[in-house]
Amino acid sequence: MRKFNIRKVLDGLTAGSSSASQQQQLQQQHPPGNREPEIQETLQSEHFQLCKTVRHGFPYQPSALAFDPVQKILAVGTQTGALRLFGRPGVECYCQHDRGAAVIQLQFLINEGALVSALADDTLHLWNLRQKRPAILHSLKFCRERVTFCHLPFQSKWLYVGTERGNIHIVNVESFTLSGYVIMWNKAIELSSKSHPGPIVHISDNPMDEGKLLIGFESGTVVLWDLKSKKADYRYTYDEAIHSVAWHHEGKQFICSHSDGTLTIWNVRSPAKPVQTITPHGKQLKDGKKPEPCKPILKVEFKTTRPGEPFIILSGGLSYDTVGRRPCLTVMHGKSTAVLEMDYSIVDFLTLCETPYPNDFQEPYAVVVLLEKDLVLIDLAQNGYPIFENPYPLSIHESPVTCCEYFADCPVDLIPALYSVGARQKRQGYSKKEWPINGGNWGLGAQSYSEIIITGHADGSVKFWDASAINLQVLYKLKTSKVFEKSRNKDDKPNTDIVDEDPYAIQIISWCPESRMLCIAGVSAHVIIYRFSKQEVITEVIPVMLEVRLLYEISDVESPEGEQAPPLPTPVGSANPQPVPPQSHPSTSSTSSDGLRDNVPCLKVKNSPLKQSPGYQTELVIQLVWVSGEPPQQITSLAVNSSYGLVVFGNCSGIAMVDYLQKAVLLNLGTIELCGSSDPYRREPRSPRKSRQPSGAGLCDISEGTVVPEDRCKSPTSGSSSPHNSDDEQKVNNFIEKVKIKSRKFSKMVASDIAKMSRKLSLPTDLKPDLDIKDNSFSRSRSSSVTSIDKESREAISALHFCETFTRKADSAPSPCLWVGTTLGTVLVIALNLPPGGEQRLLQPVIVSPSGTILRLKGAVLRMAFLDSTGCLMPPAYESWKEHNVPEEKDEKEKLKKRRPVSVSPSSSQEISENQYAVMCSEKQAKVISLPTQNCAYKQNITETSFVLRGDIVSLSNSICLACFCANGHIMTFSLPSLRPLLDVYYLPLTNMRIARTFCFTNNGQALYLVSPTEIQRLTYSQETCENLQEMLGELFTPVETPEAPNRGFFKGLFGGGAQSLDREELFGESSSGKASRSLAQHIPGPGGIEGVKGAASGVVGELARARLALDERGQKLSDLEERTAAMLSSADSFSKHAHEMMLKYKDKKWYQF
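Here the structure is a predicted model, which is why all the values come from computation and not from measurement. (Residues numbered from 1 in each chain as written. Predicted model: local features only at pLDDT ≥ 70, side-chain atom pairs only at ≥ 80, totals over all residues. Heavy atoms only, no water.)

A. Region of interest: the overall build of the chain. Across its full length, the chain holds 18 helices and 59 strands. Taking all 1154 residues of the chain together, the buried fraction comes to 54%. Taking as baseline every contact in the chain between residues at least 6 positions apart, the subset at least 24 positions apart corresponds to 61%. Of the roughly 52900 Å² of accessible surface on the chain, 51% is carried by carbon and sulfur atoms. (Helix = DSSP H or I, 4+ residues; strand = E, 2+ residues; numbered from the N terminus. Buried < 20%, exposed > 50% of the residue type's maximum accessible area, 1.4 Å probe, protein only. Contact = heavy atoms within 4.5 Å. Areas by Shrake-Rupley, 256 points an atom, 1.4 Å probe, with all protein chains shown as cover.)

See below:
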């Protein structure tokens, strides 16, 4: 028998189930006769795989820009080595250079499906864009010189690379090897300058003569280099440093931009002085003096049009006296000059032209401007130069993101409803033309479910995004700050000093997709409840504002009964359902008896009529008020339930519940009162106070001791009073009051310091410096805003969950209740007694009473959920959405519809009395509790050395699991209800508080987080999604015919005009120029070839990719064969011609005349 038992234990270990000690615990908790019924779990480890899917948003810290005019693809490089590629709306791609060095320049191989990137670490990379996930084919690392500028002529395979020393090297982009041909700086300038001309800032070939190379040095020297003769034809010198150079398409003139805000136009054959000098923004002085110097013109482009004047487009060059003026792009066309102000500084810009050929009329139609935090496209063809409406989701960071929620498998009618109300918010005045960057093809979306992302922002706005099928599109924007008065002078500032700035910042979002009820908690301790409506409403006064006085005060008096906990106080429900003023705290008593600010909210609600557009409309505003000179603590947890008509929120002071249908406060308890004397944790009073003045009637103010006054304990329906009101207790209270009065000053000083430190640590915006993260010393400040300092002195509410389950061990049937989790690992249950639906719901009060059920976990409670007896998830009850601004008909006035977790009626469920499971996840462990017995069925210690930042109970493959993200960077999933480990992958260390605040899991194996202040990174932990990802991604490269070269014309062809071609192969090839020095640069093969495809792709998609690559290689070989065949044909024609000439020469001659 002993051997058999050991074998059983070993089998359990290899299956990845609980350890032997946990099995013994389970055996103790569940004797053989009383064991929990086994639930068949379908999820296995092979169902899970972690991979990144797509990245949305504006590229963080952009540094380079490029455009393929044939493929119509835009590329953006960043300072962190990222590469973002944009095609038509919905076609986006993100790539990353391994070393993370800044991208300094990008060059497309036009219509070749390839891109060259130059990095700040002096490496060049060739990217293959012909596959869905671009990869590096070749890399070249320069060892002795710093790369400063690159130029790749159209339809050329030879890349010119300028360096900091002023030399130019030439790279073959097919093999990524260096040519032996080098242009040395001293040869280029010879005796024209006594000093070093500086780094190369520009290289370009003459549009009409590929053999002439224009080289711009930073000091102001420009050289026209003859590639064939290997010498300089002309040298042009100017006193001011050069920033950029651009050619006129005819190759006879070029323009330079300089550091003093001037433009110089030069004739190629007149190097002595510029033909024209322009200072676009300089004040013209009298007496012919030079204009005052301006700021540098960082870039200039010179684009010609067939019918009229050329366009000169430049960035920078403003005069120095324009202090505070925004960055500008200047468009000079003929005699008109347009100055276009930008919201952010200009990183780079490109003019989009009709032709890729530099020797033809350019016909510019748009300018794409890359700003520090935006991408703008200007229409040059319309008067006033309007901008195009940007179809990419680049406005995520319009205001810093402070919180994020992700919902998959939403109701199908939700996205159309949000889109219809959001369409009315769009700005006017955009260009009427279609977005011109329209390359690539969409992927085949295999997802059939809808996904919505909600982002909360520092300015109080909330954005809804359609995230279906790995795309992202903004649907609707809600401004929550509209209900508050804006402070216009400094005198109003003190009311909002709970935070230094962004008083409307969103901290928590609670949303019910089925009922469309939305609830937000802001950083100024305010809660706003919204209903969705398609009708416009004008409210004369903001819906009733409730002011809640939430305190944290405790007593150290022990329970007289010793071991038994005293009955917890029963909070009152409002007996008067009408929203009359006494139900909210009067703001008139702004100071307490000792001169401290009291009963004042942090924000002032508007008292003027408010126009509420279709969409989310304010239902109720709730604010926590100042108490005895201290601001209210920030809200740490929030939940709303549309079926019950309740919203509940808590912080480190306590918990409050509000009936938003009757506009009444139902519950207002400090954490210590919520726990009762059975609380195992010893807490010191944080801020002892004098006995307070009675505040607004009808609110549950917290008593100083364990005494519960009679009016506190009366139920709204019964007149019974509390029996706990004895003389002994009164004496104890008086003694405590004296102690509090004596220690008030010292305690007040300590408390204010702690409050200030906690508020600084829990600021939600990205304006704080990044924290150094260490597992043991890390001060936790998630959306719950609980800091380690607060945690020592307070117990905050960290999780709230409405459900219909068993509240006590003796219950025979489930009933509505609220489960409350705290930062010290306590889980409490509050019973809800709801009146019948319909009109009775508005007339009768809701009765709220703590049930006495208390459960414990290790670490702060993060998430709770409930399973039925078959292991299926039981979502909270909800009321289906209906338009509430339209008068209801009589037959529509039915009871509120609730989603029942099991398919039986309430009466039959009471008879069956099936058990349920409560799933609870904390920072350290997860537990599954069997209900109603409250036995621990399963337990899993998630982490010992770190802590869980986010835990979600999600559905996947028709089953459910617990997904966790830990501060040490691990993503883990566990089966439910047995908590078997299914996935444990090291993904991402917690390097920034932004990640902790925005990471969230959702159904169907999806997750996301804010990877930078401007970008959302989506990932999947589903094996099925990983396999289908290749098909879902869009294609960047599509086969497009290259436009025909411009016609040279009869006379140009006759007299030798037009573009002169150059045999670069002959000039730069190894046969004529020799081999380059091996120590100059190191070639590194990349993973983007056929081997990379083999390794990265699998299945049908991989086979297709390999077939396509093989076809490309075969096509290359065929084209080589075609060229050789053409050469042989030409040779045969030449031989035939010579033979014919010989025949004619000797045709009439006799044999003796030879």
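B. Representation of the sheet that holds strand β32 (residues 473-479) within the structure. Across the sheet, which stays open at both edges, the four strands sit in the order β29-β30-β31-β32 with antiparallel pairing between neighbours. In the strand order of this sheet, the two ends are held by β29 (401-408) and β32, each with one partner. The sheet shows a mean angle of 20° between the axes of neighbouring strands, taken without regard to direction. Where strand β30 (residues 451-457) and strand β31 (residues 461-466) come together, five bridges link them in antiparallel fashion. Along β31, the bridge assignment pairs I452 with D466. Running over the sheet, helix α4 (residues 414-422) touches β30, β31 and β32 and is turned about 65° from β32. (Pairing = 2+ DSSP bridges. Axes fitted to C-alpha atoms, helices over the stretch in contact; angles between N-to-C directions.)

C. Highlighting the packing of aromatic side chains. With the rule as written, the count across this model stands at 27 aromatic pairs. Both rings, one in F86 and one in Y392, keep their centres 4.9 Å apart while their planes meet at 35°; by these two values the pair is tilted. Remark: Y392 occurs in the loop between β28 (375-379) and β29 and F86 occurs in strand β4 (residues 82-86); sequence separation between them is 306 residues. Neither F86 nor Y392 differs from the other in exposure class; each is buried. Geometrically, the ring pair formed by Y644 and F802 is edge-to-face, given 5.9 Å between the ring centres and 75° between the ring planes. Pair noted here: Y644 is in the loop between β40 (637-641) and β41 (646-650) and F802 is in strand β44 (residues 797-805), with a separation of 158 residues, a long-range link. In this structure, Y644 and F802 share a single accessibility class: buried. Here the aromatic residues F48, F965, Y987, F999, F1001, Y1009 and Y1021 are joined through ring pairs into a cluster of three or more. In this arrangement the basic side chain of R88 is found over the ring face of W442, its NZ or CZ atom lying 5.2 Å from the centre. (Phe/Tyr/Trp six-rings, centres within 6.5 Å; stacked < 30°, edge-to-face > 60°. Lys NZ or Arg CZ within 6 Å of the ring centre and 35° of its normal.)

D. Structural detail: the environment of G654. Inspection of the secondary structure puts G654 in strand β42 (residues 654-659). Residue G654 is classed as buried on the basis of its relative accessible area, which comes to 0%. With 20 residues separating them along the chain, G654 and L674 place their C-alpha atoms 8.0 Å apart. Beyond its immediate stretch of four places on either side in the chain, G654 contacts L550, L551, F649, L669, G670, T671 and I797.

E. A look at α4. Those residues of α4 lying buried are L414, I415, A417, L418, V421 and G422. Taken end-on, α4 shows its buried residues confined to a sector of 160°, consistent with a single buried face. Residues of α4 that are buried make contact with β30, β31, β32, β33 (506-512), β35 (526-533) and β39 (615-624). (Arc of directions from axis to C-beta.)

F. Structural context of the pairing of strand β8 (residues 123-128). For β8, the tally of buried residues reaches six of six residues, placing the bulk of the element in the interior. Residue alternation in β8 divides its side chains into two sets, T123, H125 and W127 and L124, L126 and N128, and both sets are buried. In this sheet, β8 lies alongside strand β7 (residues 114-119) in antiparallel orientation, the contact comprising five bridges. Residue A118 lies in a different strand from β8, and its bridge partner there is L124. Counting the residues that bridge the hairpin from β7 to β8 gives three residues, and of these D122 lies at a positive phi of roughly 65°. One ladder, built from six bridges, connects β8 with strand β9 (residues 135-142); its direction is antiparallel.

G. Highlighting the environment of K231. Along the chain, the position of K231 falls in strand β17 (residues 231-237). By relative accessible area, which is 48% here, K231 ends up partly exposed. Those residues within four positions of K231 in sequence are excluded, and the remaining contacts are L224, W225 and D226.

H. Main features of the pattern of salt bridges. For the structure shown, the criterion picks out 28 salt bridges. In this structure, the salt-bridge partner of E92 is R84, at a minimum N-O distance of 3.1 Å. Its relative accessible area of 0% is what places R84 among the buried residues. The salt bridge partner of K463 is E398, with a shortest N-O separation of 2.7 Å. Remark: E398 occurs in the loop between β28 and β29 and K463 occurs in strand β31; sequence separation between them is 65 residues. On the basis of relative accessibility, which here comes to 2%, the residue K463 falls in the buried class. (Salt bridge = Lys/Arg side-chain N within 4 Å of Asp/Glu carboxyl O.)

I. Layout of unusual backbone geometry. Cis geometry marks the peptide bond from L931 to P932, where omega comes out at 5°. Put simply, L976 and P977 share a cis peptide bond, and its omega is 10°. Here P977 lies in the loop between β54 (970-975) and β55 (981-986). Unusually for a residue other than glycine, E363 sits at a positive phi of about 50°. Inspection of the secondary structure puts E363 in the loop between β26 (346-353) and β27 (364-371). For I470, which is not a glycine, the phi torsion comes out positive at approximately 50°. By the secondary structure assignment, I470 is in the loop between β31 and β32.

J. View of the environment of P1046. Among the secondary structure elements, P1046 is positioned in the loop between α13 (1023-1032) and α14 (1050-1055). Those residues in contact with P1046 that lie beyond four places of it in its chain are Y357, N359 and D360.

K. How the structure looks around the pairing of strand β25 (residues 336-341). As paired elements, strand β24 (residues 328-333) and β25 share six bridges and run antiparallel to each other. Looking across to β25, one finds that T330 is bridged to V339. Two successive antiparallel strands, β24 and β25, enclose a turn made up of two residues, where G334 displays a positive phi of approximately 65°.

L. Fine view of the sheet that holds β17. Reading across from one edge, β14-β15-β16-β17 is the order of the four strands in this open sheet, with antiparallel pairing throughout. This sheet does not close on itself; its edge strands, each paired only once, are β14 (200-206) and β17. Between one strand and the next, the sheet's axes are offset by a mean angle of 20°, whatever the strand orientation. The pairing of β14 with strand β15 (residues 209-217) spans six bridges and is classified as antiparallel. Looking across to β15, one finds that H202 is bridged to G216.

M. Local environment of the state of the cysteines. Within this structure, the stated rule accounts for zero disulfides. Just so you know, C93 is unpaired, no disulfide at all, and the nearest cysteine sulfur is the one on C95, 4.0 Å from it. The class for C93 is buried, based on a relative accessible area of 10%. There is no disulfide at C961, and the cysteine sulfur nearest it, in C964, is 9.3 Å away. We classify C961 as buried; its relative accessible area is 0%. (Disulfide = S-S within 2.5 Å.)

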